[in-house]
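# Coordinates in review
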Amino acid sequence: MDVSEAVARRISIRAFKPDPVAGEVVADILLRAAQAPSGGNLQPWRVYGLAGAPLAEFKALAAANPFGEEPEYEVYPPNLWEPFRTRRFQNGEDLYATIGIPREDKPARLRQLAKNADFFGAPVGLFFCLDRKLGPPQWADLGMYMQNVMLLAVERGLDTCPQEYWARYPKTVGGFLGLPDDHMVFAGMALGYRDPAHPINSLRARRDDFELWGELRASNSPLRRLTALSGRGFPSITARCPR
């Protein structure tokens, strides 16, 4: 499998099979992912993996506190504006449509959201943390590490779902992991084998066309070709969310 194939196959999986993943496979993925670039080679990531009994113990703690805690950061800015508001709205509508939950059924939507706390049934839960004194550049470095993890997982026949949901549980996660006081939880990630029969895994998040977010300035620019290719295999976002 080449990199392009891994990028194309990677999606966020929200229903996993219970089949275990060998510890040496998880360790190999996390180690190889550390080839990610980081400014000044700071390597700001601190990573934890849970499986088996430790994962079950942690999930029980999270389930006992369904409303979460005061997050250390907001996953989305307040009063989200366009085009970000429409993108988020459309993704939510597409997600719930795969499992037949209408917009009016708020309890069902909340139950689906709560499945984050179970890592969507995945046999491995990962947490990505960093020193809270670090800034946006190091958050970007951590994101590149996480992307490496996801692509390497695809190479091994595995799937993932990155979860900023865990920003809602800083005390629970930090206490369970023994996270140093000067570190914070950025995100979690479910890791395992997708359930190909579950309809929610049919979701393919929409992508805007290249011409809406990219620009190339050069002689003999391949811009037209890129624009033509950008929507191939990805539905475009055309709907607008209600005010």
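What comes next concerns the included structure. Note that the coordinates shown come from a computational prediction; the quantities given were computed from them, not determined experimentally.

### Regarding helix H5 (residues 106-114)
- Inspection of H5 places Ala-108, Arg-109 and Gln-112 among the buried residues, and these make up the whole buried set. Buried residues along H5 cover an arc of 100° about the axis, so they all sit on one side. Of the exposed residues in H5, those oriented more than 90 degrees away from the buried face are Leu-110 and Arg-111.
- Contacts from the buried residues of H5 go to helix H4 (84-98).
- Where H5 starts, the residue carrying a side-chain oxygen 3.2 Å from the main-chain nitrogen of Ala-108 turns out to be Asp-105.

### Structural notes on the environment of Pro-162
- Among the secondary structure elements, Pro-162 is positioned in strand E3 (residues 159-163).
- Given a relative accessible area of 31%, Pro-162 falls into the partly exposed group.
- Between the alpha carbons of Pro-162 and Arg-14 there is a distance of 10.0 Å; along the sequence they are 148 residues apart.
- Once residues lying within four places of it in the same chain are set aside, the contact partners of Pro-162 are Ser-12, Met-146, Met-150, Gly-188 and Met-189.

### Some thoughts on the pattern of salt bridges
- Scanning all chains against the criterion turns up 13 salt bridges.
- The closest approach of N and O atoms between Asp-118 and Lys-59, which form a salt bridge, is 2.8 Å. With Asp-118 in the loop between H5 and strand E2 (124-131) and Lys-59 in helix H3 (residues 52-63), this pair connects stretches of sequence that are 59 residues apart.
- The salt bridge involving Arg-132 is made with Glu-72; its shortest N-O contact spans 2.7 Å. Here Glu-72 lies in the loop between H3 and H4 and Arg-132 lies in the loop between E2 and helix H6 (136-155), a separation of 60 residues in the sequence.
- Here the salt bridges share partners, and the residues they tie into one network are Arg-9, Asp-159 and Arg-194.

### Some thoughts on the sheet that holds E2
- Here 4 strands make up an open sheet; going across it, the order is E1-E2-E4-E3 and the pairing antiparallel. Looking at strand neighbours, the two that pair on one side only are strand E1 (46-51) and E3, the edges of this open sheet. Taking the axes of each pair of neighbouring strands and ignoring which way they run, one obtains an average angle of 25° across the sheet.
- Pairing analysis gives 8 bridges linking E2 to strand E4 (residues 183-192), with the strands arranged antiparallel. By the bridge assignment, Leu-126 is partnered in E4 with Met-189.
- Relative to the sheet, helix H7 (residues 170-177) contacts E1, E2 and E4, its axis offset from that of E1 by approximately 85°.

### Things to note about H3
- Over its 12 residues, H3 extends 17 Å from the first C-alpha to the last, a length consistent with the 16 Å expected when each residue adds 1.5 Å.
- Of all the positions in H3, only Leu-55, Phe-58, Lys-59 and Ala-62 are classed as buried. The buried residues of H3 occupy one face: seen down the axis, they fall within an arc of 100°.
- Where H3 is buried, its residues touch E1, E2 and H7.

### Details of the packing of helix H2 (residues 23-33) against H6
- Across the interface, H2 lies against H6 with an axial gap of 8 Å and an inter-helix angle of 135°. Relative to H6, H2 is oriented oblique. Handedness of the crossing formed by H2 with H6: right-handed. Here H2 contributes Ile-29, Leu-30, Arg-32 and Ala-33 to the contact with H6, which in turn contributes Tyr-145, Asn-148, Val-149, Leu-152 and Ala-153.
- Per-class residue counts for the contact of H2 with H6 are 7 nonpolar, 1 polar and 1 charged.

Reading the values: rules and limits
Residues numbered from 1 in each chain as written. Predicted model: local features only at pLDDT ≥ 70, side-chain atom pairs only at ≥ 80, totals over all residues. Heavy atoms only, no water. Buried < 20%, exposed > 50% of the residue type's maximum accessible area, 1.4 Å probe, protein only. Helix = DSSP H or I, 4+ residues; strand = E, 2+ residues; numbered from the N terminus. Arc of directions from axis to C-beta. Contact = heavy atoms within 4.5 Å. Polar contact = N/O pair within 3.5 Å; in protein donor to acceptor, adjacent residues only side chain to side chain. Salt bridge = Lys/Arg side-chain N within 4 Å of Asp/Glu carboxyl O. Pairing = 2+ DSSP bridges. Axes fitted to C-alpha atoms, helices over the stretch in contact; angles between N-to-C directions. Expected span 1.5 Å × (residues − 1). Parallel < 35°, antiparallel > 145°, perpendicular 65-115°, else oblique. Left-handed = near helix turned anticlockwise from the far one by under 90°. Nonpolar A, V, L, I, M, F, W, Y, C, P; charged D, E, K, R; others polar.

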